[in-house]
Amino acid sequence: MKRRDFINHLGASALGLAAIQEAFADGTILSNAPIQIPTNTGVSGRVVVVGGGMAGTTAAKFLRLWGGTGVEVTLVEPNAVYYSNIFSNMVLTGDRTLSQITFNYNTLVSKYGVKLETSAVTNIDPIGKNVRLSNGKTLAYDRMILAPGIDFDPLPLSGTADNQAKILHAWKAGAQTTALKAQIQSMTKNDTFILTIPPKPYRCPPGPYERACVVADYLKRVKGGGKVIILDANSGIQAQPTNFTNAFNNTHKGIITYVPGATINSIDANTGTVNTAVGSFNGKVINAIPTHKAGNLITQSGIGLANAGGGRWAGVNVLSYESTAVPNVHIIGDASSTTQPKAGHIANAEAKVCVDAIIKLFRGETVNQAPITNSSCFTPITKTTASWLSVVFRYDPATATMLPTGKGVVESNGASKDFHEDMLKWFDNLMSDTFA
Ligand SMILES: Cc1cc2nc3c(=O)[nH]c(=O)nc-3n(C[C@H](O)[C@H](O)[C@H](O)COP(=O)(O)OP(=O)(O)OC[C@H]3O[C@@H](n4cnc5c(N)ncnc54)[C@H](O)[C@@H]3O)c2cc1C
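- Where an unreviewed UniProt entry is consulted, the chain appears under the name NADPH-dependent 2,4-dienoyl-CoA reductase/sulfur reductase-like enzyme, with the organism given as Runella defluvii.

Here it is as structure tokens:
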């Protein structure tokens, strides 16, 4: 694929246009016209969207944009702002500031008429079809979308409470991102950074390898050297294997050591020792990413939503993202169990398929039986170069899952400055499609 074609493809991807064009085969809703909430769609209903991250924010916006003013949308999110995980690795190395990856919900409210509750959902009543919020309010819904992202299993830590508190994941951007950045900045060229990767599924398959690369690049450029040890609980590199193998063996040769099969047994926070199935490793900074599960709202709902992956994830019908356990409740983004990666770009695409389905269901129509989603992930390899992967998924009726189409997962031919420029545009497109 030529670079220009790829950018065009990505522009469409970030806007979800390829998916939308397929999803809206009748073409009635799709438009590139200036944004205006339609008033005459004939659709009405109340939707509560829980979680203002990549998935939930996109859903809230597009419910209004495509459903019109008859669709009453309330977004429930406890935080006033959203720190993007995407690009947060670049905050660790000082190439971006936290404020450059901070987004708010002002446009959602002012431009699209979404109602915002800055609060958390604490209880779901699927019979009464309402949710209780931590601010004491109760919201009734006709359909609900849950997008609470992920939570973690506890790490097997020992050591003083102070030292344990220094073991960060920074896998939810925000305060931990700033704290891990300070730890990295305190390193010298004689120090070692240990990054542990949990068993799949985890959010952003290339994300940990990307982090290892940008930290290695930072140590080399700014500190004149250092070591990065990647302890991967998986048997091999989970995304862009060719590009990352090349980055570890060539671009960051002598700095990065990649260790597969490194299931963690224990971490001694006092000595900085990580004990794994393949040996013990010592570092000054331990960046341990714990094993993931769906957001606590799902696993602790008490209504059976976590019915996939051994009770860790939410099973959904990928034609509508409706829960396979609880009717009228849809689950999108990282919390759901599908064959698609846990990533922000795909969360944005899933949200649109879900919104389209809810609007059709409000109309009494059958949901689209052939949805398409897509995901692109750019990964900085150094301060000035990046690589990417891209994949398009199509619904497979035989397995009732989303399967990669065409060439499957396509990896860029190495890392380059051009791809780094494309990455900046991709991010702006994706984030404005979600928040603006
Ligand atoms: C370092 C890193 C790099 C990444 N890079 C990329 C990338 O390049 N490309 C890409 O596509 N993806 C990337 N990702 C992955 C991406 O960030 C996630 O997949 C994406 O954020 C998932 O969206 P989500 O809406 O499911 O969850 P989130 O974005 O985490 O949003 C969940 C929201 O739900 C809210 N919430 C939780 N519980 C409740 C409750 N009870 N009530 C109300 N609200 C609640 C939370 O406050 C949060 O705002 C990266 C991730 C990391 C960590």
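### Brief notes about the domain arrangement of the chain
Turning to step 1, where the next piece is worked out: In terms of domain boundaries, the chain breaks down into domain 1 (3-151 + 293-435) and domain 2 (154-290).
Turning to step 2, where the next piece is worked out: A separation of 29 Å is found between the C-alpha centroids of domain 1 and domain 2.
Turning to step 3, where the next piece is worked out: Between domain 1 and domain 2, the residue contacts involve 32 residues of the former and 33 residues of the latter.
Turning to step 4, where the next piece is worked out: When domain 1 packs against domain 2, the two sides together hide about 2,700 Å² of surface, and 60% of this comes from carbon and sulfur.
Turning to step 5, where the next piece is worked out: Between the two partners, domain 1 and domain 2, sit three salt bridges.
Turning to step 6, where the next piece is worked out: Elements supplying a minimum of two residues to the side of domain 1 that touches domain 2: helix H4 (88-92), strand S10 (150-152), strand S24 (372-380) and strand S25 (386-396).
Turning to step 7, where the next piece is worked out: For the side of domain 1 that touches domain 2, the per-class residue count stands at 13 nonpolar, 13 polar and six charged.

### Examining the sheet that holds strand S6 (residues 121-125)
Turning to step 1, where the next piece is worked out: One open sheet accounts for three strands, arranged S6-S7-S8; its pairing is antiparallel. Each edge of the open sheet carries a strand with a single partner, namely S6 and strand S8 (138-140). Strand after strand, the sheet turns through a mean of 20° between neighbouring axes, direction not considered.
Turning to step 2, where the next piece is worked out: Taken together, the four bridges between S6 and strand S7 (residues 130-133) define a ladder with antiparallel strand orientation. Note on S7: the bridge partner recorded for Asn 123 is Arg 132.

Calculation notes
Residues numbered from 1 in each chain as written. Predicted model: local features only at pLDDT ≥ 70, side-chain atom pairs only at ≥ 80, totals over all residues. Heavy atoms only, no water. Domains from an automatic or database assignment. Contact = heavy atoms within 4.5 Å. Buried area = accessible area lost by both parts, 1.4 Å probe. Salt bridge = Lys/Arg side-chain N within 4 Å of Asp/Glu carboxyl O. Helix = DSSP H or I, 4+ residues; strand = E, 2+ residues; numbered from the N terminus. Nonpolar A, V, L, I, M, F, W, Y, C, P; charged D, E, K, R; others polar. Pairing = 2+ DSSP bridges. Axes fitted to C-alpha atoms, helices over the stretch in contact; angles between N-to-C directions.

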